[in-house]
Amino acid sequence: MLKTDLHTGWTVRAAGGPVPPAIAATPVPATVPGTVHTDLLAAGLIPDPFLGTNEAELAWFHRSAWIYDTTVTAGPAVDGERVDLVLDGLDTVATVTFGGGELGRTRNMHRGYRFDVRHLLHDGPIPLSVRFDSALDYAERIERELGARPRPYPHPFNAVRKMACSFGWDWGPDLQTAGIWKGVRLERWHTARLAGVRPLATSDRLTVHVEIERASEAPVTVEVTVGTHSAIIELPGGVDQGAIELAVPDAELWWPAGHGDQPLSDVAVILRDGAETLDEHRTRVGFRDVSLDEGADEHGSRFTLSVNGREIFVLGLNWIPEDHLLTRITRARLEAAVDRAVAANANLLRVWGGGIWETDDFYDVCDERGILVWQDFPLACAAYSEDDPIRSEILAEARENVTRLAPHPSLILWNGGNENIWGYEDWGWKAELDGATWGARYYYEDFPALLSELDPTRPYHPGSPSSPLFAGVHPNDDRHGTRHEWEAWNRQDYTHHDGFVPRFCSEFGWQAPPTWATLTAALAPDDLRKDSAAFLLHQKAEDGNGKLDRGLAHHMRVPTDFGDWHWATQLNQARATAYAIGHLRGHAPRTMGSIIWQLNDCWPVTSWAMVDGAGRLKPAWYALRRAYAPNALGFTRRGDRLLLAVINDSDRPWRESVRFRRLRFDGTALASSEISDIVVAPRSVALVDVDPALLAAVAPESEVLVADAAGLRATHLFAEDKDLKYDPAAVRAHTVAAPGGYAVTVTAASFARDVAVLADRVAPDAVVDDMLIDLLPGETHTFTVTTTASVDAEIFGAPEVLRSANAI
């Protein structure tokens, strides 16, 4: 097998649609892999779509057509030789021509394509072109042919196999990219090639399924090696597939983060004709067993994932594409993003169904770090036709990607899609569909059958949310299956979580703007207000600002100053994050999973993300890290009772004393008690009663209940912030230069809640080590700020930098 990348010498030019004359006039150099947007950006022909109102000004892209051109030099095929043109990914509606003749047409960005071009090769350059027509035009045509089906946004993203959020989402831009977004190459081979390799590893066994494509009927052999174990099978003429099973009794087990190590084993699959190597495939596997317990219990039915026989409380985050312009995502960016999840004590990422089948790099990074992957099939928030051409494309891409992802030990669960079953049940689809298909066949028949054939080693869930085992049960019933909790954000308050105890909550969250440095890099100074066109273009949620304000008003005053409002909404997101997670973890083992929406953003936007589109940590990320810590304290309610939840998600018993105090904000002690030697078993939760004397606040507006244990602290206030008599000038800072940045020591003269140093307001690269610290009078805390900038140290004490709840 000889592989030759075809990534050089490309140009791209307009081929139709409302393209501005200055852009349509001439071809520009093209990067492959890439997209038209990134090529025109590199040529200086369009503004950055992420800035200001540029997204709206580039809407002409939606109806445009483009042609990529290059030439290929490849000698003629010799007798018995096959030469294939391989395109790993085309976004999306493409026509491929080679040597002046059409090779084929593609309509799916989620799969690859292969064309036999041996009969077209000759000495000298051969033209290769790929034309991309408007995916929106195509989707509208398919919708007319198959009938319109419900969806939450104007464009019919459910009628074309393109990344759904490419057409816009309630956190993402509507750019509708086009281009050769994955690799292109020529492959020359003879006799046979490996057409599919599917390694499936369990705790002590590796089974490798192999499919070959033949150019002759000669017998061939396939050898599989993992560590010191190997085996060979022969595939005689006429046989195109086989399986090799290896017992690996000495395999080291792969564990998720927080539960053990992540040993990975190299696997080599070599196809031979006698002594000649025809083709080879190399990958890595991790040895582990995974299972899903959905058995009935006294509360309904469980939804508990296990690895190697150990039940795992999932500490997860939903994952969207790291950049809306996908080809800018490098392995280094993926490593940084996943590392932010690891640093927040997470153990799972859910690849959400409105994005893409992620790249091999993503799953490799998760394998290495022990981050479990919940993999949605890419169908989201819409009804999908079960007729061609949609059906055949969905099944083809599913087969290809299930095979591709099979080796990865991080992949623990297949999920049929996002909110489609819920939508059918609750969002008025039934009347609109009037009997038309909507996707049920995919979720309940096609995907289970495909996985039974290709990957019986992993569990499958029909959809998030769903309650699959109980006929007549609502798909978002908190007693069964998975639940999405969006009533809190959309119409209630984050305390609404108290009314439900889901078995597994796979979506919930709260919005906030991006960090100040990210926001001010994307918007002009005059646009830094809630009602500016540019700010609203970067706030995609329906009535998003209204929900932010109403969410604030439950707890604190809504600031009129934009900078104060920015901080207050970020703080409220952090509190909502901690509150919801504390509720879910505190109900373990009845609840066994928390997957917050979301880890990341794909551009600078007000959203539910913990990390903004520039990779900066929002205050909510620090709240998440504390809430997901192996050991955590938090006050929680059970009906009218206030309890202290002590969480121990480690392998060792947690044995500590807890000191309770009720204090005035000025530090005056009003009541105290200590419970010595609380023992919390490994991977469990203890609920501790609070002495009634500690709860008998005399002046609720100026008292605080504090619990301290082993360096952890939980606080409870007896009124909402807007009714509390905080000292607005409770803290002062003293800053000194330190290796790699600055040390900011904050001292409290009165109770100070949620103290934070917003370091990015000082320098764009500045990162603080912690945030949202509660300080009692006389206490100090030193924040470490990492930055390359040299600044006046006093700026860290400025009111827009040194923040707390006290001064809102």
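Everything below is about the structure printed above this text.
**Q** I tried to follow the pairing of strand 32 (residues 641-648) on my own but got confused; where do I start?
**A** Across a regular strand the side chains alternate sides, sitting on one face of the sheet and then on the other. Counting buried positions over the 8 residues of strand 32 gives 7, a clear majority of the element. Here strand 31 (residues 631-638) runs beside strand 32; their pairing, made up of 8 bridges, is antiparallel. Within strand 32, the residue paired with Asn631 across the bridge is Asn648. Linking two consecutive strands that pair antiparallel, namely strand 31 and strand 32, is a turn of 2 residues; a positive phi of about 65 degrees is found at Gly639 within it. Pairing analysis gives 6 bridges linking strand 32 to strand 35 (residues 684-689), with the strands arranged antiparallel.

**Q** Help me understand the packing of aromatic side chains, please; the structure alone is not making it clear to me.
**A** The geometry of two aromatic rings is summed up by the distance between their centres and the angle between their planes. One pass over the full model with this rule turns up 41 aromatic pairs. Considering the side-chain rings of Tyr494 and Tyr579, the 5.4 Å spacing of their centres and the 50 degrees angle between planes classify their relative orientation as tilted. You can see Tyr494 sitting in the loop between helix 11 (487-490) and strand 29 (505-508) and its partner Tyr579 sitting in helix 15 (residues 562-586), a full 85 residues away along the chain. The rings of Trp357, Phe377, Trp414, Tyr424, Trp438, Tyr442, Tyr443 and Phe447 are connected pair by pair, giving a single aromatic cluster. Above the ring of Phe50, the side-chain terminus of Arg328 is found at 5.2 Å from the ring centroid. Note that Arg483 overlies the ring of Phe500, its terminal NZ or CZ placed 4.1 Å from the centroid.

**Q** Mind showing me how you'd approach the sheet that holds strand 12 (residues 205-214) here?
**A** Within a beta sheet, neighbouring strands are joined by backbone hydrogen bonds and run either parallel or antiparallel to one another. Taking strand neighbours across the sheet as the criterion, the 3 strands line up as 11-12-15 in an open arrangement whose pairing is antiparallel. Pairing within the sheet leaves two strands with one partner each, and these edge strands are strand 11 (192-201) and strand 15 (241-247). Mean inter-strand twist for the sheet, computed between neighbouring axes without regard to direction, equals 20 degrees. Across 9 bridges, the pairing between strand 11 and strand 12 is antiparallel. When the sheet's bridge partners are listed, Leu200 is paired in strand 12 with Thr207.

**Q** What's the story with the nonpolar core in this structure? I'm lost.
**A** One recurring pattern in soluble globular proteins: nonpolar side chains tend to sit buried together. Judged by nonpolar contacts, the single largest core of 149 residues is most densely connected at Leu349, Phe362 and Phe377. Top element by residues in this core is helix 15. It accounts for 10 residues. Counting 38 residues, the second-largest nonpolar core is a separate cluster that includes Trp60, Trp66, Val96 and Leu121.

**Q** Just to check I follow, could you spell out the pairing of strand 17 (residues 276-285) for this structure?
**A** One ladder, built from 9 bridges, connects strand 16 (residues 265-273) with strand 17; its direction is antiparallel. Opposite Arg272, over in strand 17, you have Thr277 as the bridge partner. Linkage of strand 16 to strand 17, two consecutive antiparallel strands, is achieved through a turn of 2 residues, within which Gly274 is found at a positive phi near 65 degrees.

**Q** It is not clear to me how the pattern of salt bridges should be interpreted in this structure. Could you clarify?
**A** Where charged atoms from two side chains of opposite charge come close, those side chains can pair. The final tally for this structure, using the stated rule, is 68 salt bridges. Ionic pairing is found between Glu245 and Arg205, a salt bridge with its closest N-O pair at 3.0 Å. Here Glu245 is found in strand 15, whereas its partner Arg205 is found in strand 12, with 40 residues between them in sequence. The closest approach of N and O atoms between Glu703 and Arg662, which form a salt bridge, is 2.8 Å. Taken together, the residues Glu703 in strand 36 (residues 703-709) and Arg662 in strand 33 (residues 654-664) connect sequence positions 41 residues apart. Owing to a relative accessible area of 1%, Glu703 belongs among the buried residues under this scheme.

**Q** What is the right way to look at the environment of Glu322 in this model?
**A** Mapped onto the elements, Glu322 comes out in the loop between strand 23 (314-319) and helix 5 (331-343). By relative accessible area, which is 6% here, Glu322 ends up buried. For Glu322 and Gln570, which are 248 residues apart along the polypeptide, the C-alpha to C-alpha distance reads 21 Å. If we ignore the near neighbours within four places in the chain, the residues touching Glu322 are Ile329, Arg333, Ala337, Arg340, Asn600, Asp601 and Cys602.

**Q** Honestly, helix 14 (residues 544-553) in this entry has me stumped. Any pointers?
**A** A turn of α-helix holds 3.6 residues, and therefore any two residues three or four places apart point the same way. Most of helix 14 sits out of view: 7 of its 10 residues are buried. Those residues of helix 14 not exposed but buried are Gly544, Asn545, Gly546, Lys547, Leu548, Gly551 and Leu552. Where helix 14 is buried, its residues touch helix 11, helix 13 (533-537) and helix 15.

Cut-offs and rules
Residues numbered from 1 in each chain as written. Predicted model: local features only at pLDDT ≥ 70, side-chain atom pairs only at ≥ 80, totals over all residues. Heavy atoms only, no water. Buried < 20%, exposed > 50% of the residue type's maximum accessible area, 1.4 Å probe, protein only. Helix = DSSP H or I, 4+ residues; strand = E, 2+ residues; numbered from the N terminus. Pairing = 2+ DSSP bridges. Phe/Tyr/Trp six-rings, centres within 6.5 Å; stacked < 30°, edge-to-face > 60°. Lys NZ or Arg CZ within 6 Å of the ring centre and 35° of its normal. Axes fitted to C-alpha atoms, helices over the stretch in contact; angles between N-to-C directions. Core = buried A, V, L, I, M, F, W, Y, C linked by side-chain atoms within 4.5 Å. Salt bridge = Lys/Arg side-chain N within 4 Å of Asp/Glu carboxyl O. Contact = heavy atoms within 4.5 Å.

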